[in-house]
Amino acid sequence: DNAEFGLGMAIATKQVRGKIHDSLETLMGMNISENAKKAVVDYLDTFDDREANRGATDALILALEAESAGGEEAAVIKEVLDRKDYAAKRSIWMFGGDGWAYDIGYGGLDHVLASGENVNILVFDTEVYSNTGGQSSKATPAAAIAMFAASGKRTKKKDLGLMAMSYGYVY
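Residues numbered from 1 in each chain as written. Predicted model: local features only at pLDDT ≥ 70, side-chain atom pairs only at ≥ 80, totals over all residues. Heavy atoms only, no water.

> So what exactly am I meant to see when it comes to the overall build of the protein here?
Looking only at helices and strands, one finds seven helices and four strands in the protein. Sequence-ordered secondary structure for the protein, helices as α and strands as β, is α-α-α-α-β-α-α-β-β-β-α. With 171 residues in all, the protein has 36% of them scored as buried. In the protein, of all internal contacts separated by at least 6 residues, the share reaching a separation of at least 24 is 58%. Put simply, the protein shows about 10000 Å² of open surface, and 55% of that area lies on carbon and sulfur atoms. (Helix = DSSP H or I, 4+ residues; strand = E, 2+ residues; numbered from the N terminus. Buried < 20%, exposed > 50% of the residue type's maximum accessible area, 1.4 Å probe, protein only. Contact = heavy atoms within 4.5 Å. Areas by Shrake-Rupley, 256 points an atom, 1.4 Å probe, with all protein chains shown as cover.)

Quick look at the structure:
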């Protein structure tokens, strides 16, 4: 369930970051210091740029922690700071073996690929089911001899990359 779990984490992170974004837009209309306003603007301007957002996130957190606001402003700042671990734009990765990606977990992997979410997937392709001692799998190339396929595999290897590319927005 690597794919399903990873997609859930990507969607959850996106939702929490959306709440942070909304809270900061609300905060911009409130009585906060110029330093905090600048940090909020810089953060919002870099919201979707992972590289630039890292520094802007650090500056935002420092500025909000230093802010001495009261009332509604303090409540909104607390909402943001309570979610600060999710503020920075992240790179979401899913790791799994070829048995997961090509075979038993392919349905979930295909669902993630079709979702259009910005995630990264790394498949450790050993070309056999390594955890069962070497059975041939859909990742095993044609004619390959494996521990439990001594006569060689008769069908060609599944082309996972080509299948992913068929969506037109996966690379």
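> Please clarify how helix α2 (residues 34-45) should be interpreted in this entry.
Think of an α-helix as turning once every 3.6 residues; residues three or four places apart then point the same way. In a regular helix each residue adds 1.5 Å, so 12 residues correspond to 16 Å; α2 covers 16 Å between its end C-alpha atoms and thus fits that length. Where the residues of α2 are buried, they touch α1 (2-28) and α3 (50-66). (Expected span 1.5 Å × (residues − 1).)

> Is there a simple way to think about the layout of surface pockets in this case?
Where empty space is left can be seen by rolling a probe of water-molecule size over the atoms. Looking at the largest pocket, its volume works out to about 550 Å³. Every residue lining the largest pocket is counted, 18 residues in all, and those nearest its centre are L113, V119, I121, V170 and Y171. Within the residue set of the lining of the largest pocket, elements represented by two or more residues are α6 (106-115), β2 (120-124) and α7 (160-165). Examining the composition of the lining of the largest pocket, we find that four residues originate from one element, α7, more than from any other. Of the residues that constitute the lining of the largest pocket, the class distribution is 13 nonpolar, four polar and one charged. (1 Å grid on protein atoms, 1.4 Å probe; cavity = no way out; pocket = protein on both sides within 12 Å on 5 of 7 lines; lining within 4 Å. Points joined across faces, edges and corners; volume = space filled by probe spheres on them. Nonpolar A, V, L, I, M, F, W, Y, C, P; charged D, E, K, R; others polar.)

> Please clarify how a nonpolar patch on the surface should be interpreted in this entry.
A contiguous nonpolar patch, built from W93, F95, L122 and F124 and spanning about 410 Å² of accessible area, is present on the exposed surface. Along the polypeptide, F95 turns up in strand β1 (residues 93-97). For F95, a relative accessible area of 44% puts it in the partly exposed group. (Patch = residues over 30% accessible without salt bridge, like charges linked within 9 Å, V, L, I, M, F, W, Y side chains within 5 Å. Salt bridge = Lys/Arg side-chain N within 4 Å of Asp/Glu carboxyl O.)

> Help me understand the pattern of salt bridges in this model?
Pairing is possible between side chains of opposite charge, provided their charged atoms come close. By the definition in use, this model includes six salt bridges. The salt bridge involving K14 is made with E117; its shortest N-O contact spans 3.3 Å. One end of the pair, K14, is in helix α1; the other, E117, is in the loop between α6 and β2, and 103 residues separate them in sequence. The exposure class assigned to E117 is partly exposed, which follows from its relative accessible area of 23%. Residues K84 and E65 are paired through a salt bridge, measuring 3.0 Å at the closest nitrogen-oxygen approach.

> How should the nonpolar core be read in this particular structure?
Proteins that are soluble and globular tend to have nonpolar side chains buried together. By size, the foremost hydrophobic cluster in this structure holds 18 residues, and its most contacted members are I20, L24, L27, Y43, L60 and L64. Not counting residues up to four positions away in its chain, the partners in contact with L60 are L24, A39, V40 and Y43. Within the second largest apolar cluster, 15 residues are counted, among which are W100, L109, V112 and L113. (Core = buried A, V, L, I, M, F, W, Y, C linked by side-chain atoms within 4.5 Å.)

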